[in-house]
Amino acid sequence: MSHVDVLRVLGGDGRELRLTGHVGFDSLPDQLVNKCVNKGFDFNILCIGETGCGKSTLIDSLFKTTFNDQEVMHKLPEVSLNQETYQLKESNVNLRLTVVSTAGYGDQINKENSCNAIIQYIDQQFANFLEEELKIKRDLRSFHDTRIHACIYFVSPTGHSIKSLDLVCMKELDKRVNIIPVIAKADTVSRAELSQFKARIIEELQSNGIGIYQFPTDDDTVSDLNTKMNEQVPFAVVGSRDEVVVNGHKVRARQYPWGTVEVENEAHCDFVKLREMVLRTNMEDLREKTHTQHYERFRSERLVQMGFADMGADNEPVSLQETYEAKRVEHIREMQSKEERMRQMFVQKVKDKEAELKSSEQKLHNEFERLRRQNAEEKRQLDDKKRQLEEEEISLFNKKKAAVQAQRAQTEREQLAKKQGRR
């Protein structure tokens, strides 16, 4: 109700009060629109596809501009992601567009870990937003929301079936992002093959339980259009940066020797359908579904991992304060337990060190005693040898002395005899 002609209210004394005229709360939607326009919008696109499948060219075609494009070689050892943010303006609406593109996807011989970098990037953007939400002083109004709103998955135009790598990757991503599969470079496949290829892709996605983004049909204004477009997925697209004059008008197109493929000609490809569905009709739904479905799943799982729960062990509601206090008590108990274990380990290490020192001391003492005994024995042997040498020298000296004395006595006798003989 936007207008109230007569509003009857009973006052405190029971009298009937009459208010006539325009109340004014019907301007609330206008206020909300003005507020959103002044703030601007964030929209983030993730492009996944093999090198050279036309990811950058398609993004340029979608927004009718030329973004910074980093040339990627086929020799990258692992998959990486390139992120660029642009400020766009259409009429009075400001859009902060972030384009994230894979580099080296599908180029490795071993493709087992090809999807890991993509999953880590998506989860990290959710974690960044959750971290900002949980801050005491948060500022979500100025926070740059880099959560992926739309994932355009480029399927190579083989014309036969979707590759196993694509199935495995989309299976990992369907609970994290809004996947919009497209057939890249669709002008390389004939119209008959393209129709069969689309049906085969949808069949393989359904048989493997992979959920892709479905355009919403609950809004009556776009229900018929979205229902029709859901049947056209995956879109067969062609992108081009070149402008060609066709019937006096400049259009983006690809020229071949056999003719010209116009990007915005629905008879040539589904590019216009993709742009209509993603940018014009369902951009807000992509943003809303990212927040209310994919982010909420990540948020609930992460909070459960952190130990928070809505229900306790007895199925009774648990407040955040109770959970915090329980986690705090548990943390204190765990820290005390760790402290006690560390103390015991320290005491044990001290005891082990003391035992080691005592053992070393005993070894040194034993070695000292051994050397002391060895030194005493050597000293005793030296003393015995010295005494023996001294005795031998004394005996030899005495013998020499006796011989000298005997010789002297003999000499004296001979001299005495000579003296007596002369007389």
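It should be emphasised that the depicted structure is a prediction, and the values quoted were computed from it without experimental measurement.

Conventions and cut-offs
Residues numbered from 1 in each chain as written. Predicted model: local features only at pLDDT ≥ 70, side-chain atom pairs only at ≥ 80, totals over all residues. Heavy atoms only, no water. Pairing = 2+ DSSP bridges. Helix = DSSP H or I, 4+ residues; strand = E, 2+ residues; numbered from the N terminus. Patch = residues over 30% accessible without salt bridge, like charges linked within 9 Å, V, L, I, M, F, W, Y side chains within 5 Å. Areas by Shrake-Rupley, 256 points an atom, 1.4 Å probe, with all protein chains shown as cover. Salt bridge = Lys/Arg side-chain N within 4 Å of Asp/Glu carboxyl O. Buried < 20%, exposed > 50% of the residue type's maximum accessible area, 1.4 Å probe, protein only. Contact = heavy atoms within 4.5 Å.

Draft legend 1. Local environment of the sheet that holds strand β5 (residues 93-103). On the basis of which strands lie adjacent, the open sheet formed by 6 strands has the order β4-β5-β3-β6-β7-β8 and mixed pairing. Strands at the two margins of the open sheet, each flanked by one partner only, are β4 (80-90) and β8 (235-236). Relative to strand β6 (residues 150-155), strand β3 (residues 41-48) runs parallel, the two sharing 4 bridges. Across the sheet, the residue bridging to L46 is C151, located in β6.

Draft legend 2. Geometry of the pairing of strand β11 (residues 259-262). Looking at chain direction, strand β10 (residues 249-256) and β11 are connected through 4 bridges and run antiparallel. In the sheet register, Y256 faces β11, and the bridge partner there is G259. The antiparallel pairing of β10 with β11 creates a hairpin that spans 2 residues between the two strands.

Draft legend 3. Region of the structure containing unusual backbone geometry. Cis geometry marks the peptide bond from V233 to P234; its omega dihedral reads 0°. By the element assignment, P234 lies in the loop between α6 (223-230) and β8. Residues other than glycine seldom take positive phi values, yet S91 does so here, at roughly 60°.

Draft legend 4. Broad picture of a nonpolar patch on the surface. On the surface, F346, V347 and V350 cluster together to form a nonpolar patch covering roughly 250 Å² of accessible area. You can see V350 is positioned in helix α9 (residues 320-422). You can call V350 partly exposed: its relative accessible area is 32%.

Draft legend 5. Just the side chain of H294, in detail. For H294, the position within the fold is in helix α8 (residues 283-305). For H294, a relative accessible area of 3% puts it in the buried group. Ignoring anything within four residues of it in the chain, the contact list for H294 reads F126, D174, K175, R176, V177, N178 and K289.

Draft legend 6. Quick look at the pairing of β3. In terms of burial, β3 is largely enclosed, as 7 of its 8 residues are buried. With 7 bridges connecting them, β3 and β5 associate as parallel partners. Considered in β5, the bridge of F43 is made with L97.

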